[in-house]
Amino acid sequence: REEAGQLGKDLVDAQREEASLRASSQKLLREQAVSKSLLEKTKEEGRAEQEDGHAQVKELEQQVVDLTANIRMREQIKADEELSKAQIFGTSSVPPKNRSGKKGKKGKGRRAGKR
C-alpha cells in the first residue's frame, strides 16, 4: 500500500507539473502568435516605406532632370540675349551706308508727280 500511495502521489505531482508546463506552453504559443503578427505588420510597414522611398527618389530624379533642363534653357536664353545685344550694338555703332545719292520711294513719287 505504501508503494501504491507513493505512486499515486508521484502521479499527482507529475500531473501538476504537466498542467504547469501546458500553461507555460499555451502562454508561449500566444506570445509567438502576437510576435508573428507584429513581425508581419512590421514587414508590411517596411515594404510600404520602401515603396514610398522609391517614389520619392523617382520624383526627386525627375525634378533634377526638370531643373537641369530649366538651367540649360536659361543659359541658352541668356546666350541668345547676349548675342542679340551684341548684334544690336554692332548694327547701331556702324554708320549707315550712303546710297550713292539715290532717293527713296517718296522722292521718286514726288518727281513723277511734278512732270
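How each quantity is defined
Residues numbered from 1 in each chain as written. Predicted model: local features only at pLDDT ≥ 70, side-chain atom pairs only at ≥ 80, totals over all residues. Heavy atoms only, no water. Salt bridge = Lys/Arg side-chain N within 4 Å of Asp/Glu carboxyl O. Helix = DSSP H or I, 4+ residues; strand = E, 2+ residues; numbered from the N terminus. Buried < 20%, exposed > 50% of the residue type's maximum accessible area, 1.4 Å probe, protein only. Patch = residues over 30% accessible without salt bridge, like charges linked within 9 Å, V, L, I, M, F, W, Y side chains within 5 Å. Areas by Shrake-Rupley, 256 points an atom, 1.4 Å probe, with all protein chains shown as cover. Lys, Arg positive; Asp, Glu negative; His and termini not counted. Charge placed at Lys NZ, Arg CZ, Asp CG, Glu CD.

### Regarding the pattern of salt bridges
Counted under the stated rule, the structure contains three salt bridges. In this structure, Arg16 engages Asp13 in a salt bridge whose closest nitrogen and oxygen atoms are separated by 3.1 Å. Taken together, the residues Arg16 and Asp13, both in helix H1 (residues 2–93) and three residues apart, mark about one turn of the helix. For Arg16, a relative accessible area of 53% gives the class exposed. The exposure class of Asp13 is partly exposed, given its relative accessible area of 32%. Salt-bridge contacts for Arg22 lead to Glu18; the nearest nitrogen and oxygen are separated by 2.8 Å. Of this pair, Arg22 and Glu18 both sit in helix H1, four residues apart, roughly one helical turn. Taking relative accessible area as the criterion, Arg22 reaches 54% and is therefore assigned exposed.

### Details of a negative patch on the surface
Residues Glu45, Glu49, Glu51 and Asp52 make up a contiguous surface patch of negative charge. Turning to its location among the elements, Glu49 is positioned in helix H1. On the basis of relative accessibility, which here comes to 58%, the residue Glu49 falls in the exposed class.

Don't take any of this as a statement about function, it's just geometry.
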